[in-house]
Amino acid sequence: MKLPLQSLWMMWENVFDLITRFRSKSVLRYGICKLVVRQHHGKRIACQDGHGIQAGDWVGELHLDNRQVMSLSRTFGADRAGLKTVRMLRDAMKQISKELDSNSDLLEVRAITGITLLHRGIIHGIGFEQHPIASRWQQRFYAAYLRLLLRILHPEGKERVQYSSEKLAPLMLVISKQSLKERFALRDHDLQEARHNRRKKEAIS
């Protein structure tokens, strides 16, 4: 039963992608992610590093490529697919951080945002802040939409929605442009230093 539903969902996503292109400045692809560059609408969002997002500011709205997520789930099973998705998401965020000052479509972007139910596994190691969704009707809409998506695409989605619905509350994830750049610049520096120290130890031994 899930296969026909998944096929229908992918057809809907193709239509949604076309609509999104008309409503945004651009849509960029980074591995398992689609980054929709659009203007922020709604209340001001204050980031923990002191930067803020005002209505009208440009943001990169992050979306997972559900076709790839579904393929991973079919190939590796739910648990391994989840780990691979998080790893691929981190790789995508690293690519985005490197292009923030070089890609003309991203020069005015002030933050990367996203809305998800599965924030506990996604935010670890990336630096996203969690912000509540201010609008009550948007909370209800995203909860219904994302739970339906989870039921259709996730191998254990029906069970997770039935038995963990109180934990599946939609949240907005936000990381400012500056925080994203600093996080991955620091990570690259630490990696280079670790490689340098390893070479020194090998040379001594």
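The preceding data block contains the structure.
Residues numbered from 1 in each chain as written. Predicted model: local features only at pLDDT ≥ 70, side-chain atom pairs only at ≥ 80, totals over all residues. Heavy atoms only, no water.

Novice: So what exactly am I meant to see when it comes to the nonpolar core here?
Specialist: By size, the foremost hydrophobic cluster in this structure holds 24 residues, and its most contacted members are Leu62, Met93, Ile96 and Ile112. Counting only elements with at least two residues in this core, the list comes to strand 1 (26-30), strand 2 (33-39), helix 2 (66-76), helix 3 (78-99), strand 6 (109-116), strand 8 (171-176) and helix 7 (177-204). Considering each element in turn, this core owes the most residues, five residues, to helix 3. Among residues more than four places away in sequence, those in contact with Leu62 are Cys33, Lys34, Leu35, Leu89, Met93, Ile96, Ile112, Thr113, Gly114 and Phe128. (Core = buried A, V, L, I, M, F, W, Y, C linked by side-chain atoms within 4.5 Å. Buried < 20%, exposed > 50% of the residue type's maximum accessible area, 1.4 Å probe, protein only. Helix = DSSP H or I, 4+ residues; strand = E, 2+ residues; numbered from the N terminus. Contact = heavy atoms within 4.5 Å.)

Novice: When you look at the environment of Ser7 in this model, what are you seeing that I'm missing?
Specialist: Here Ser7 shows up in helix 1 (residues 2-22). Ser7 sits 60 residues away from Arg67 along the chain, and the two C-alpha atoms are 9.8 Å apart.

Novice: How should a nonpolar patch on the surface be read in this particular structure?
Specialist: Where nonpolar side chains cluster on the molecular surface, the patch consists of Trp12, Val15, Phe16 and Ile19 and spans about 330 Å² of accessible area. Structurally, Phe16 can be placed in helix 1. Judged by relative accessible area, Phe16 falls into the partly exposed class, the value being 31%. (Patch = residues over 30% accessible without salt bridge, like charges linked within 9 Å, V, L, I, M, F, W, Y side chains within 5 Å. Areas by Shrake-Rupley, 256 points an atom, 1.4 Å probe, with all protein chains shown as cover. Salt bridge = Lys/Arg side-chain N within 4 Å of Asp/Glu carboxyl O.)

Novice: Sorry, what's going on with the side chain of Asp17 here?
Specialist: Residue position: Asp17 is located in helix 1. Of the polar contacts made by the side chain of Asp17, one reaches the side chain of Lys34; its length is 3.2 Å. Look past the residues within four positions of Asp17 in its chain and what remains in contact with it is Arg29 and Lys34. (Polar contact = N/O pair within 3.5 Å; in protein donor to acceptor, adjacent residues only side chain to side chain.)

Novice: Any chance you could explain helix 2 here in plain terms?
Specialist: Along an α-helix, a turn takes 3.6 residues, which lines up residues three or four apart on a common side. For helix 2, the complete set of buried residues consists of Asn66, Val69, Met70, Leu72 and Ser73. Buried residues of helix 2, viewed axially, fall in a sector of 160 degrees; they line one side. In helix 2, the exposed positions angled more than 90 degrees off the buried face are occupied by Arg74 and Thr75. Its side-chain oxygen placed 3.1 Å from the backbone nitrogen of Arg67, Asp65 serves as the N-cap of helix 2. Gly77 sits one or two residues past helix 2 and shows a positive phi near 90 degrees. (Arc of directions from axis to C-beta.)

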